[in-house]
Protein chains: 2
Amino acid sequence: MKWAAGRILAAFAVVWLIAVAPLAAAQDPLPSWNTGTSKQAIVAFVGRVTKTGTPDFVPVPQRIATFDNDGTLWIEQPVYAQYAFAIDRVKLLAASHPEWKNKEPYASLIDGNVESALAGGEDSLLQVLASTHAGMTTEAFERIAREWVTTKRDARFKRPYSTLVYQPMLELLNYLRANGFKTFIVSGGGVEFMRAYAEEAYGIPPEQVIGSSGRLKYQMRGDVPELLKLPAVDVVNDRDGKVVSIQKIIGRRPIAAFGNSDGDLQMLEWTAAGKGARLALLVHHDDATREWAYDRGSHIGGLDKALDAAIARKWVVVSMKNDWNTILPKR
Amino acid sequence: MKWAAGRILAAFAVVWLIAVAPLAAAQDPLPSWNTGTSKQAIVAFVGRVTKTGTPDFVPVPQRIATFDNDGTLWIEQPVYAQYAFAIDRVKLLAASHPEWKNKEPYASLIDGNVESALAGGEDSLLQVLASTHAGMTTEAFERIAREWVTTKRDARFKRPYSTLVYQPMLELLNYLRANGFKTFIVSGGGVEFMRAYAEEAYGIPPEQVIGSSGRLKYQMRGDVPELLKLPAVDVVNDRDGKVVSIQKIIGRRPIAAFGNSDGDLQMLEWTAAGKGARLALLVHHDDATREWAYDRGSHIGGLDKALDAAIARKWVVVSMKNDWNTILPKR
């Protein structure tokens, strides 16, 4: 009887959640979005795919939405958070790597000359990421990354990196999930770095975070199995690679995709090319006052071909300046 | 008002599902399992991890359960279903591959001599899988695989392969999900082959199916993007590889894992080594009358070291003969 009573109580709680709570909150699920074509396009799309008995209706299991991370869900300028983390790791590990003093890009990073270190291009960046993220178990890395991302403050906003997330995108994630969507991150960022804060910051569990990754080795330490992170890149989850990862890991084409740079072009193209209603959206960083302004030719998050494609194909291009009345969550 | 009424109706449906339906059905969520130590161990484990306020309680997002597929969720003898599919593909494609007539293992397969073809070992098997599963888009492959697996009948049971699933394991999947678990397949089988039937057969959506995979190429056919399957193996999801995939794709250590062969040893070991209550379970094929009997030395699904480990570490070893009163679902 106790058990039945508990169930009935639980059921009433659900009644409240389903029937009452939304009546209060549903006035505007996207309060940080100004009224305009971007917001209208989002709301119209969600309305279409959730309306049963119409040709555009999409069953819940197929409501897959994929989000780029850097520059789409959180700030990526002036340098990717993960790269700031790697620089801190280089400084911390320098004592035990004397060879780094004479080796680029490590030498520049130890000297605090990030610009010169970045001049080595993507390969040099990947090398730094691989070497500073390896040589420990996956569990040890998770602790280190979580500690850093939730406490280290960036230079401009003076907030921990894990709070440099866009309030309008948090509302969008919640709005989609409230409408039966499963939300995934599909990012060039390291998968284990993102997982260190994604669940708390975005409500996205580890199994819905897809990113770049290094090789792992399963081994026994005495009787205890462990996964060792090796200093070798395995998957680079960018451009074409995003579509390949979506197929390999999700196995279904998204019906909505969100990005901000040329690295997201293929993911948006693949999403938009599916049958039925689709939402392809780019966040355009045009607000130097409240955040950053950059697109074509930016050293990070360059938006050039994808912007052309968005204009030609009538994808949604969000102006941070005009479409968002808030950038970061209140502290 | 209409909208509110709909919500309230939906809420009452949920009340029924939560409060009423389980009272009727919950008498025994595992009716195909005979009373005995295996069933007791499963039920006791689920009871422990779902009981709030106890040290063994596990929050819902962490209730991850991973299942091997071949020999654990469906029949793998006398030859893996996917290999039977590949053999049919070889015969179908032979006309356009004249070179196969003089090349093993293709020549043997075309002649219907499976045993001789299998003598080439795992590399030869992987080669056949890669070559017969490639040269088409992922979408074309999905259609071909689904058609085959839902219509082709096996020689012994005369049923479509997609119905050669174990009724007790279907009940176990449902029982775990009803208790907040997220159920994943983690199998050496090809991920796209399994996805062709996993959602319908097991209630497991594509994004919770992890398997071996070949390389993919993103390309444009005119204006239309497509993913082409290449004849090259990318990931072999077996043994150590299962643990690596679990970390890479799920990002959390399972609290329950289910297998039937030495290919599952590391996954069970990794799962069992986590803190708190854990369930590691092996299905032991000891019923030649109703299914098949095999373990040490079997050419498929060999169970040797994992059986030793299970006995030494007191993992659950299910006797199909004694623990299961039903093998296949009623037709």
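Source: prediction; values computed, not measured. (Residues numbered from 1 in each chain as written. Chains lettered and ligands numbered in written order. Predicted model: local features only at pLDDT ≥ 70, side-chain atom pairs only at ≥ 80, totals over all residues. Heavy atoms only, no water.)

### Digging into the overall build of chain A
This is how the line gets drawn: Strands are runs of DSSP state E lasting at least 2 residues, helices are runs of H or I lasting at least 4, and numbering of each runs from the N terminus. Partly exposed describes any residue whose relative accessible area lies between the buried limit of under 20% and the exposed limit of over 50%, with all areas from a 1.4 Å probe on protein chains only and scaled to the type maximum. Contact between two residues is taken to exist if any of their heavy atoms lie within 4.5 Å; hydrogens are not considered. We treat Lys and Arg as the positive residues and Asp and Glu as the negative residues; His and chain ends play no part in the count. Charge placement uses NZ in Lys and CZ in Arg. For Asp and Glu, CG and CD serve respectively.
Along its length, chain A carries 13 helices and 8 strands. The principal-axis extent of the C-alpha atoms belonging to chain A is close to 65 × 60 × 40 Å. Taken across its 331 residues, chain A has 54% of its residues classed as buried. By sequence separation, contacts in chain A at least 24 residues apart represent 67% of the contacts at least 6 residues apart. With 39 positive and 36 negative side-chain charges, chain A shows a spacing of 6 Å between the two charge centroids.

### Overview of the packing of aromatic side chains
What counts here: Each Phe, Tyr or Trp ring (for Trp, its six-membered ring) is paired with any other whose centre lies within 6.5 Å, and the angle between the two planes then decides the class: stacked below 30 degrees, edge-to-face above 60, tilted in between.
One pass over the full model with this rule turns up 26 aromatic pairs over all chains. Aromatic side chains Phe85(A) and Trp148(A) sit 5.4 Å apart centroid to centroid with 65 degrees between the ring planes, which places their arrangement in the edge-to-face category. With Phe85(A) in helix α3 (residues 81-93) and Trp148(A) in helix α7 (residues 138-151), the pair connects residues that are 63 residues apart, well separated along the chain. A residue is classified by how much of its surface remains accessible, and Trp148(A), at 10% relative accessible area, is buried. Ring geometry for Phe45(B) versus Phe181(B): centroids 6.2 Å apart, planes at 50 degrees, classification tilted.

### Some remarks on the side chain of Arg252(B)
Operational definition: Identification of polar contacts relies on pairs of N or O atoms within 3.5 Å, with a donor-acceptor requirement for protein atoms, meaning one able to donate a hydrogen and the other able to accept it, and with residues adjacent in sequence counted only if both atoms are side-chain atoms.
Position of Arg252(B) relative to the elements: it lies in the loop between α10 (240-250) and β5 (256-259). Owing to a relative accessible area of 14%, Arg252(B) belongs among the buried residues under this scheme. A polar contact of 3.0 Å, which involves the side chain of Arg252(B), links it to the side chain of Glu199(A). Those residues in contact with Arg252(B) that lie beyond four places of it in its chain are Glu199(A), Pro205(A), Pro206(A), Glu207(A), Pro61(B), Gln62(B), Ile64(B) and Ile246(B).

### Quick notes on the pattern of salt bridges
Rules: Salt bridge, as used here: a side-chain nitrogen of Lys or Arg that lies within 4 Å of a carboxyl oxygen of Asp or Glu.
Throughout the structure, instances matching the rule amount to 36 salt bridges over all chains. Here the salt bridges do not stand alone but share partners, grouping Asp68(A), Lys242(A) and Asp264(A) into one network.

### Digging into the side chain of Asp68(A)
All names here are of chain A. Along the chain, Asp-68 turns up in the loop between β1 (64-67) and α3. The exposure class of Asp-68 is buried, given its relative accessible area of 5%. Of the polar contacts made by the side chain of Asp-68, one reaches the side chain of Thr-72; its length is 2.8 Å. At 2.9 Å, the side chain of Asp-68 forms a polar contact with the side chain of Lys-242. When sequence neighbours within four positions are dropped, the list of residues in contact with Asp-68 reads Leu-73, Val-186, Ser-187, Lys-242, Phe-258, Gly-259, Asn-260, Asp-264 and Met-267.

### Considerations on α3(A)
Our working definition: A helix is expected to reach a length of 1.5 Å times the quantity of its residues less one.
Given a rise of 1.5 Å per residue, 13 residues ought to cover 18 Å, and the 18 Å separating the end C-alpha atoms of α3(A) matches this to within 8%. The inward-facing, buried residues of α3(A) abut α4 (106-110), α5 (114-118), α6 (121-132), α7, β2 (182-190) and α9 (191-202) of chain A.

### Focus: the packing of helix α10 (residues 240-250) of chain A against helix α11 (residues 265-272) of chain A
A packed helix pair is summarised by two numbers, namely the angle formed by the two axes and the spacing between the axes. All names here are of chain A. This is how it is decided: Axis lines are fitted through C-alpha atoms, for helices just across the contact stretch, and the angle between N-to-C directions can take any value from 0 to 180 degrees. In this scheme, roughly parallel covers angles under 35 degrees and roughly antiparallel covers those over 145, while 65 to 115 is roughly perpendicular and the rest are oblique. Left-handed is the label given to a crossing in which the near helix is rotated counterclockwise from the far helix by less than a right angle, and right-handed is the label when the rotation is clockwise. Note on residue classes: Ala, Val, Leu, Ile, Met, Phe, Trp, Tyr, Cys and Pro are nonpolar, Asp, Glu, Lys and Arg are charged, and everything else, Gly too, is polar.
Close contact between α10 and α11 brings their axes to 6 Å; oriented N to C, the two are set at 50 degrees. When the axes of α10 and α11 are compared, the pair comes out oblique. Crossing of α10 against α11: the hand is right-handed. On α11, the residues touching Asp-240, Lys-242, Val-243 and Ile-246 of α10 are Gln-266, Met-267 and Trp-270. Looking at side-chain class alone, the contact of α10 with α11 contains 4 nonpolar, 1 polar and 2 charged residues.

### A few points about the sheet that holds strand β2 (residues 182-190) of chain B
All names here are of chain B. Under the convention used in this document: Pairing between strands is defined by DSSP: at least two bridges between them are needed.
Taken together, 7 strands build an open sheet; the order of strands is β4-β3-β2-β1-β5-β6-β7 and the sheet is mixed. Looking at the sheet topology across the chains shown, the edges are occupied by β4 (224-235) and β7 (316-319). Within this sheet the neighbouring strands show an average axis-to-axis angle of 30 degrees, counted without direction. Of the strand pairs in this sheet, strand β1 (residues 64-67) and β5 are connected by 3 bridges, and their pairing is parallel. Note that in β5 the partner of Phe-67 across the bridge is Phe-258. Packed onto the sheet, α10 meets β1, β2, β3 (209-221) and β4 and runs at close to 130 degrees relative to β2.

### Focus: the nonpolar core
Keep this limit in mind: Remark: nonpolar core denotes a set of buried residues (Ala, Val, Leu, Ile, Met, Phe, Trp, Tyr, Cys) joined through side-chain atoms within 4.5 Å.
Residues Met169(B), Leu172(B), Tyr202(B) and Phe258(B) are the most contacted members of the largest nonpolar core, which totals 70 residues. Among the elements that line this core, the one with the most residues is helix α9 (residues 191-202) of chain B, at 8 residues. Those residues in contact with Met169(B), other than ones at most four positions away along the chain, are Trp33(B), Phe67(B), Thr72(B), Leu73(B), Phe258(B), Val283(B) and Trp324(B). Counting 69 residues, the second largest nonpolar core, distinct from the first, contains Ile75(A), Ala81(A), Leu176(A) and Leu281(A).

### Examining unusual backbone geometry
Residues and elements named next belong to chain A. Going from Gln-77 to Pro-78, the amide bond is cis rather than trans, its omega being -5 degrees. Along the chain, the position of Pro-78 falls in the loop between β1 and α3. Look at Lys-314: it is not a glycine, yet its phi comes out positive at around 60 degrees. In this fold, Lys-314 is placed in the loop between α12 (305-313) and β8 (316-319). Judged by its relative accessible area of 74%, Lys-314 is exposed.

### Overview of helix α6 (residues 121-132) of chain B
All names here are of chain B. The terminal C-alpha atoms of α6 lie 17 Å apart, and with 12 residues this matches the ideal 16 Å at 1.5 Å per residue to within 8%. Taken together, the buried positions of α6 are occupied by Ser-124, Leu-125, Val-128, Leu-129, Ala-130 and Thr-132. Where α6 is buried, its residues touch α3 (81-93), α4 (106-110), α5 (114-118) and β4.

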